[in-house]
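Reading the structure
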Amino acid sequence: MIRFEDVCYAYDGVPILRHVDFRLEKGEAVAITGPNGAGKSTLLKMINGLIYPELGRYCYEGEEITAAKMRDHRYSKWFHQQVGYIWQNPDSQLFCGSVEEELAFGPAQMGLSPTEINARVEDALELLGIESLRRRAPFTLSGGEKKKVAIASVLTMNPSVWTLDEPLNSLDGKSRQWLMEFLAALKEAGKTLIFSTHEVELVEYFADRAIRIDELHQVKVIGIRQVS
Ligand SMILES: Nc1ncnc2c1ncn2[C@@H]1O[C@H](COP(=O)(O)OP(=O)(O)O)[C@@H](O)[C@H]1O
Ligand SMILES: [Mg+2]
């Protein structure tokens, strides 16, 4: 479903992604690991169609993702509904005046009916146990609460692919445990998960494979367990 073919990418002439080549199947859980500055977030941005290969190709469900393709409004809307992105810093992701509005934003963009939007918002609030936060402004929330709201705002779009940048970062023990269980439930539900992480625990707990990027930006794809 996701295919990288010899993808290269540089910032201002400095190569960050070098000949990245892999293929991910639906339902796989894949960890992106490597030291700071290796290019994990860059790879996630590319998977999310925010930046594009300079060489090579990235295809999603057989369609090459390019700047031109993403200028097609209908396609990019569909694509962003298919591939959800949990940013490392929830402040980059949350921009509405209230938690409720934040959760309704994606489904409204998708053109769903007010009844359906409402149902999705209520389901997400309940599933994440954040009903009491519904009228709060996101910037007033704690780090763990913001992370939950960011997750809920992706959940209301029900994407097939979940991409998460350092999802456990800056979470306390309880929120970490909760998030691990949430990710396990997504995997169980057949979602494709792609997450960058420093945490061996998360890799061992879930990942079917790991994409390891080293400090020289060399990429290796490693099998962790048999994919059924
Ligand atoms: N927008 C940008 N402009 C220039 N350089 C960038 C930009 N974003 C990231 N970089 C650089 O690219 C390298 C890889 O960054 P990143 O993908 O964020 O790594 P990681 O997530 O693995 O820590 C780093 O050296 C970083 O400074
Ligand atoms: Mg990063």
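Residues numbered from 1 in each chain as written. Chains lettered and ligands numbered in written order. Predicted model: local features only at pLDDT ≥ 70, side-chain atom pairs only at ≥ 80, totals over all residues. Heavy atoms only, no water.

Things to note about the layout of surface pockets
Note the following rule: With a 1 Å grid spanning the protein atoms alone, the term cavity applies to any set of points in which a 1.4 Å probe fits but cannot get out, the term pocket to an open set with protein on both sides within 12 Å along at least five of seven lines, and the term lining residue to any residue with an atom within 4 Å of a point. Grid points are joined across faces, edges and corners, and a volume is the space filled by probe spheres set on the points. Only DSSP runs of H or I covering at least 4 residues are called helices, and only runs of E covering at least 2 are called strands; the numbering of each starts at the N terminus. Gly counts as polar in this scheme, as do all residues outside two lists: the nonpolar Ala, Val, Leu, Ile, Met, Phe, Trp, Tyr, Cys and Pro, and the charged Asp, Glu, Lys and Arg.
Approximately 510 Å³ is the volume attributed to the largest pocket. Taken together, 20 residues line the largest pocket, and the ones lying closest to its centre are His80, Phe95, Phe105, Gly106 and Met157. The set of elements that each furnish at least two residues to the lining of the largest pocket consists of helix H3 (73-82), strand S6 (83-86), helix H4 (99-109) and helix H6 (143-155). For the lining of the largest pocket, the leading source of residues is H4, giving 4 residues. By residue class, the composition of the lining of the largest pocket is 9 nonpolar, 9 polar and 2 charged.

Regarding the sheet that holds strand S9 (residues 209-213)
Note the threshold: Between any two strands, at least two bridges found by DSSP are needed for them to pair. Orientation is described by lines fitted to C-alpha atoms, with helices fitted over the stretch in contact, and by angles between N-to-C directions that extend from 0 to 180 degrees.
Here we have 6 strands laid out as an open sheet, ordered S6-S7-S8-S3-S9-S10, and mixed in their pairing. Of all the strands in the sheet, just S6 and strand S10 (219-223) have a single pairing partner and so form its edges. Each strand axis lies, on average, 15 degrees off the axis of its neighbour in the sheet, ignoring direction. Examined bridge by bridge, strand S3 (residues 29-33) and S9 share 4 bridges and lie parallel to one another. Each bridged residue has a counterpart across the sheet, and for Val30 the counterpart in S9 is Arg209.

Considerations on H6
Note: α-helices contain 3.6 residues per turn, so residues at a spacing of three or four share the same orientation. The criterion, for reference: Helix span is expected to be 1.5 Å times the residue number reduced by one. Whether two residues are in contact is decided by their heavy atoms: any pair within 4.5 Å suffices.
A rise of 1.5 Å per residue sets the reference length of H6, with its 13 residues, at 18 Å; its end C-alpha atoms lie 18 Å apart and thus fit the reference within 8%. Looking at the buried positions of H6, the neighbouring elements they touch are S6, H4, helix H5 (114-127), strand S7 (161-165) and helix H7 (173-188).

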